[in-house]
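Observations on chain architecture
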Amino acid sequence: MNDDRLRDPDLLPAPTVPGLARDRELLLKQALLHKVSQPEKAVRPLLRRLIAPALACALAAGGVIAVNLAGMDAPRTHKPTAVAPETARLLERIALAAADARPPAVRGDQFVYVESKVAYAGQSADGGPVVLTPVRTRQVWFSADGSRPGLVRQSGESDSTVVALGPNAPSVSRPTHTYVASLPTDPDALLALIREQTRGQGQDPDQRAFTAIGELLAETWAPPEVSAALYRAAAKIPGVTVAGTARDAVGREGVTVARTMHGQQTQWIFDRTTYAFLGERTVIVEPTDAGPVGTVTGTSAILTTAAAAHAGETPGSRR
C-alpha cells in the first residue's frame, strides 16, 4: 500500500489533549464505560451484557461498587457540530488502512477469538470519586455463525458462557462474524442500518450510532471492506472529532477519534503509523460527582484477534 496515503502530517493531532493532560487515557462500546450498577433498558451487545453481572459481583466482593456514571450529575450537553474536515481526513486514512488489511478467513464453524486488557470504573461503598479497577486480561470466543455457545474468560473471575443465538436473528446489537461480514459496504447505507437497529436504546441517535460502531470494531472481526465502511460511516456522525493522542490499557500511544456526551468522552485509539485500531478509553471532560476532568472511567487494549477451532482454545496467530 502507498504509505503516503497514511502519513499526512495534517492528520496527526497535537501531542496533547486539551483538558486531559492530567490523565493519559485508556478505553470501552468502550471498551469502555460499563453501566453495571443497575439494569439498562438498552439492549447491550452480547459480550457486554455477560460481563456486566460478573464484574458487579467481583467489585462488590471487594467492597467496591460499579458506577453508572451517566446518571451522576451530568452537565449540560452542547449540540454537536458537523464533523470537521481534519476529522474526516483522518477517518478516511484509517478506512484506507483497514481496507488494505487482509486477515485470515474465518469459517462459520469456527470461533472468533479476541484477547484484550480491560479496566472499569468503580466507586467505594463510602462514595467519593471513581477509580479504575486493576487492568485484567479478557479472552472471548464467539461462534462465527452464532450457532454454538461461546466463552468469556476474565482473570480473577469465573468463566461465562456466551449463549448461542439459535433461531434469533443477529443484529448490530447482537452481532456474529457472519452477520458483520454481510453488512453494507456503502457508508450511508451502513449508517442508516445502524441507526435503525439501535433505535430506542437510550442516548441520542448520533451517540447510539457512534457507540455501536465502536463496539463492532472492538468486539468483532469485520472484513476489510466492512471495517472501512464503519470508519467512513463514523465520519458522517455529527460531533465526532479528533481528540489528540492517548494511551490504551497497555500504554500504547495513538491518535484518537472521539465523541463527547454528558461530560464523558469516548475515544477510539489508533496506531499513529499503521492506523490499526488499538483500543478505547472513556474519560471525564467536564467536572462531575464522579471525579475531576481527566478521570478515566474505562479503558481497553486489543491484543489478539484470530480464528479458533474451539471455545477455550488459544490461537497461535497474532494480530
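Let me begin by describing the structure that accompanies this report. What you see is a predicted model; the values in this text were computed from it and never measured.

1. As for the overall build of the protein chain
Along the protein chain, the regular secondary structure elements total six helices and 11 strands. For the protein chain, the residues scored as buried account for 53% of the 319 residues in total. Counting every atom, the protein chain has about 13,300 Å² of accessible surface; 54% of that belongs to carbon and sulfur.

2. Regarding helix H2 (residues 85-100)
With 16 residues, H2 should reach 22 Å at 1.5 Å per residue; the first-to-last C-alpha distance of 23 Å fits that figure. If you check which residues of H2 are buried, you get Thr87, Leu90, Leu91, Arg93, Ile94, Ala95, Leu96, Ala97 and Ala98. Those residues of H2 hidden inside the fold are in contact with helix H6 (224-234), strand E7 (241-247), strand E8 (253-261) and strand E9 (264-271).

3. Re the nonpolar core
Of all hydrophobic cores here, the largest spans 38 residues; its most connected members are Ile213, Tyr231 and Trp268. Counting only elements with at least two residues in this core, the list comes to H2, helix H3 (177-181), helix H4 (187-197), helix H5 (205-219), H6, E8 and E9. When neighbours within four sequence positions are excluded, Ile213 is seen to be in contact with Ile194, Leu230, Ala233, Ala234, Ile237 and Trp268.

4. A look at the side chain of Ser171
Residue position: Ser171 is located in the loop between strand E6 (160-162) and H3. When near neighbours in sequence (up to four residues on either side) are disregarded, Ser171 contacts Tyr179 and Gln197.

5. Focus: the pattern of salt bridges
Tallied over the entire structure, the rule returns 11 salt bridges. Glu157 is the salt-bridge partner of Arg136, the closest N and O atoms lying 2.9 Å from each other. Placement of the pair is Arg136 in strand E4 (residues 136-143) and Glu157 in the loop between strand E5 (150-154) and E6, with a sequence separation of 21 residues. Both residues of the pair, Arg136 and Glu157, belong to the buried class. Each of Arg195, Asp204, Asp206 and Arg259 takes part in one network of salt bridges that share partners.

6. Remarks on the packing of H4 against H5
Their axes nearest at 9 Å, the elements H4 and H5 cross at an angle of 105 degrees. Between H4 and H5, the interaxial angle falls into the category roughly perpendicular. In contact with Leu191, Ile194 and Arg195 of H4, H5 contributes Pro205, Asp206, Ala209, Ala212 and Ile213. Here the contact of H4 with H5 is built from residues that sort into six nonpolar, no polar and two charged.

7. A short note on H4
For H4, every residue scored as buried is listed here: Pro187, Leu190, Leu191 and Ile194. When H4 is viewed along its axis, its buried side chains cluster within an angular range of 95 degrees and face the same direction. For H4, the secondary structure elements touched by its buried residues are H5 and H6. Its side-chain oxygen at 3.2 Å from the backbone nitrogen of Asp188, Asp186 defines the N-terminal cap of H4.

What counts as what
- All residue numbers refer to position in the chain's written sequence, counted from 1.
- In view of the model being predicted, local features appear only for residues whose pLDDT reaches at least 70, and side-chain atom pairs are presented and counted only at 80 or more, with totals across whole chains, interfaces and linings using the full set of residues.
- Excluding hydrogens and water, the side-chain figures rest on all heavy atoms present in the structure.
- Where helices and strands are cited, they refer to DSSP runs of H or I of at least four residues and of E of at least two residues respectively, numbered from the N terminus.
- Only protein chains enter the accessibility calculation, which uses a 1.4 Å probe. A residue is then buried if its area is under 20% of the maximum for its type, exposed if over 50%, and partly exposed in between.
- Note on areas: Shrake-Rupley with a 1.4 Å probe; residue coverage comes only from the protein chains shown.
- A helix is expected to span 1.5 Å for every residue after the first.
- Contact between two residues is taken to exist if any of their heavy atoms lie within 4.5 Å; hydrogens are not considered.
- By nonpolar core is meant a set of buried Ala, Val, Leu, Ile, Met, Phe, Trp, Tyr and Cys residues that side-chain atoms within 4.5 Å join together.
- Salt bridge, as used here, is a side-chain nitrogen of Lys or Arg placed within 4 Å of a carboxyl oxygen of Asp or Glu.
- Only the contacting stretch of a helix is used when fitting its axis, a line to C-alpha atoms as for every element, and angles between N-to-C directions run 0 to 180 degrees.
- Our angle categories are set so that under 35 degrees counts as roughly parallel, over 145 as roughly antiparallel, 65 to 115 as roughly perpendicular, and the remainder as oblique.
- Residues are grouped as follows: nonpolar covers Ala, Val, Leu, Ile, Met, Phe, Trp, Tyr, Cys and Pro; charged covers Asp, Glu, Lys and Arg; every other residue, Gly included, is treated as polar.
- Think of it as the arc spanned by the lines of direction from the helix axis to the C-beta atoms.
- N or O atoms within 3.5 Å of each other form a polar contact, as long as, within protein, one can give a hydrogen and the other can take it, and as long as residues adjacent in sequence are counted only when both atoms are side-chain atoms.

Honestly, that's just the spatial picture; any functional story needs more than this.
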